Amino acid sequence: MALKASPDDQALLLDLQQFDTRLQQLAHRAKSLPQLARIAELTAAGDALRRRLAEQAGTVEDTEAELKRVESDVTIVEARMARDSDRMQHTASVKDVQALEQELAALAKRRSDLEDIELQVMERLEGLQADLAGTQSELDANAAVLAEVTAERDAELGTIDSERSHAVANRSTVAGKVPADLLALYEKQKERYGWGASHLRGGVSSASGVRLNESDMAVVRSAAPDDVVLCPDSNAILVRTDESGI
């Protein structure tokens, strides 16, 4: 048996569809916020900076360890030089003095070479530390922008949530006025086809945007005002009003 519903009850479906369309728009808006793409971009950039920072920090640590080894070698050489100098002052053997002098000369050469290496390592370390500080500065700047954009996104989502709550409350009020069987059909068609109700205005279905052909219009004209008619193009409930052009 065909579903029956008063024209006024059917007209309520247009309000219901309006709220559902608004809710769909809000959901799309929430998923399409420009901040979302920017956050993804900043997050990826931040991850890359953190990887670079970790690599640079590891290189700095290795270079610092290298510098400590060179400094330790210099300390050892200087200690041996001090020991040989002390021995020279306390020996009367010409042969021992000559041997110690040769060793001191070799140690002095070794110390000079180590000091050159030490200077090179220190200069390299200074450059690496500057690079590390630069990357850290970039990461800090990235984090600051990310926090700002995230706050903007949260503010936008807060506005959307507020609008959604308002629309849901109004939809609930309207749905409560629609007869259960009519509401069930509306929900069924909306779930299947994306639209639950379509306004026939000037012979055009609002859901499909298509003008009904004469054969379909004849069927609509022959239907009683309380007959529930489906749009032949969108399968939504076709709501007829004074603007329908019947």
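Everything here concerns the structure above.
Here's a quick rundown of the structure. (Residues numbered from 1 in each chain as written. Predicted model: local features only at pLDDT ≥ 70, side-chain atom pairs only at ≥ 80, totals over all residues. Heavy atoms only, no water.)

### Observations regarding the overall build of the chain
We count it as follows: Here a strand is any run of E in DSSP of at least two residues, a helix any run of H or I of at least four, and the numbering for each starts at the N terminus. To get the radius of gyration, use the C-alpha atoms; to get the globule rule, take the number of residues to the power 0.38 and multiply by 2.2 Å. Exposure is judged per residue with a 1.4 Å probe applied to protein chains only, and the accessible area is read against the type maximum: over 50% gives exposed, under 20% gives buried, and values in between give partly exposed. In what follows, a contact means two residues having at least one pair of non-hydrogen atoms within 4.5 Å.
What the chain contains, in helices and strands, is five helices and four strands. In terms of C-alpha radius of gyration, the chain reaches 42 Å, well past the compact-globule figure of 18 Å for 246 residues. By principal-axis analysis of the C-alpha atoms, the chain measures approximately 135 × 35 × 25 Å. Relative to its full complement of 246 residues, the chain shows a buried share of 29%. A sequence separation of at least 24 residues applies to 74% of the contacts in the chain between residues at least 6 apart.

### Concerning unusual backbone geometry
Although it is not a glycine, Asn-235 adopts a positive phi angle of roughly 65°. Relative to the assigned elements, Asn-235 resides in the loop between strand E3 (229–230) and strand E4 (237–240). In this structure Asn-235 comes out as partly exposed when scored by relative accessible area, which is 27%.

### A few points about the pattern of salt bridges
Under the convention used in this document: Whenever Lys or Arg places a side-chain nitrogen within 4 Å of a carboxyl oxygen from Asp or Glu, that contact is recorded as a salt bridge.
Applying the stated criterion across every chain, the model contains 20 salt bridges. Notably, a salt bridge pairs Arg-38 with Glu-41, separated by 2.9 Å at the nearest N-O pair. Here Arg-38 pairs with Glu-41, and both are found in helix H2 (residues 34–89), just three residues apart, close to one helical turn. Among the residues examined, Arg-38 registers a relative accessible area of 33% and is labelled partly exposed. The shortest N-O distance in the salt bridge between Arg-83 and Glu-103 comes to 3.8 Å. With Arg-83 in helix H2 and Glu-103 in helix H3 (residues 94–175), this pair connects stretches of sequence that are 20 residues apart. Looking at Arg-83, the relative accessible area reads 42%, which means it is partly exposed. The class of Glu-103 is partly exposed, set by a relative accessible area of 24%.

### Remarks on the side chain of Gln-10
Let me state the cut-off plainly: Polar contacts, as counted here, are pairs of nitrogen or oxygen atoms within 3.5 Å of one another; within protein the pair requires one atom able to donate a hydrogen and one able to accept it, and residues that are adjacent in sequence qualify only if both atoms are side-chain atoms.
Along the polypeptide, Gln-10 turns up in helix H1 (residues 7–31). In terms of polar contacts, Gln-10 uses its side chain to reach the backbone carbonyl oxygen of Ala-5, at 2.9 Å. Aside from chain neighbours lying at most four places away, what touches Gln-10 is Ala-5, Leu-182, Pro-225, Asp-226, Asp-227, Val-228, Ile-237, Leu-238, Val-239 and Arg-240.

### What to know about the packing of H2 against H3
Two numbers describe a pair of packed helices, the interaxial angle and the distance between the axes. The cut-off we apply is this: Note on definitions: angles span 0 to 180 degrees between N-to-C directions of axes, and those axes are lines fitted to C-alpha atoms, for helices only across the stretch in contact. Note that the term roughly parallel is reserved for angles under 35 degrees, roughly antiparallel for angles over 145, roughly perpendicular for angles of 65 to 115, and oblique for everything else. In this scheme the handedness of a crossing depends on how the near helix is turned from the far one: anticlockwise by less than a right angle means left-handed, clockwise means right-handed.
It is the contact of H2 with H3, at a shortest axis distance of 6 Å, that shows an interaxial angle of 165°. Judged on the interaxial angle alone, H3 and H2 are roughly antiparallel. Pair H2 / H3 crosses with left-handed handedness.

### Examining the sheet that holds E3
Test applied: By definition, two strands form a pair when at least two bridges between them are found by DSSP.
The four strands lie next to each other as E2-E1-E4-E3, forming an open sheet whose pairing is mixed. The strands lining the two open edges of the sheet, one partner per strand, are strand E2 (204–205) and E3. Pairing analysis gives two bridges linking strand E1 (residues 197–201) to E2, with the strands arranged antiparallel. In the strand pairing of E2, Leu-200 is matched with Ser-205.

Without other data, these values stay purely geometric and don't point to any function.
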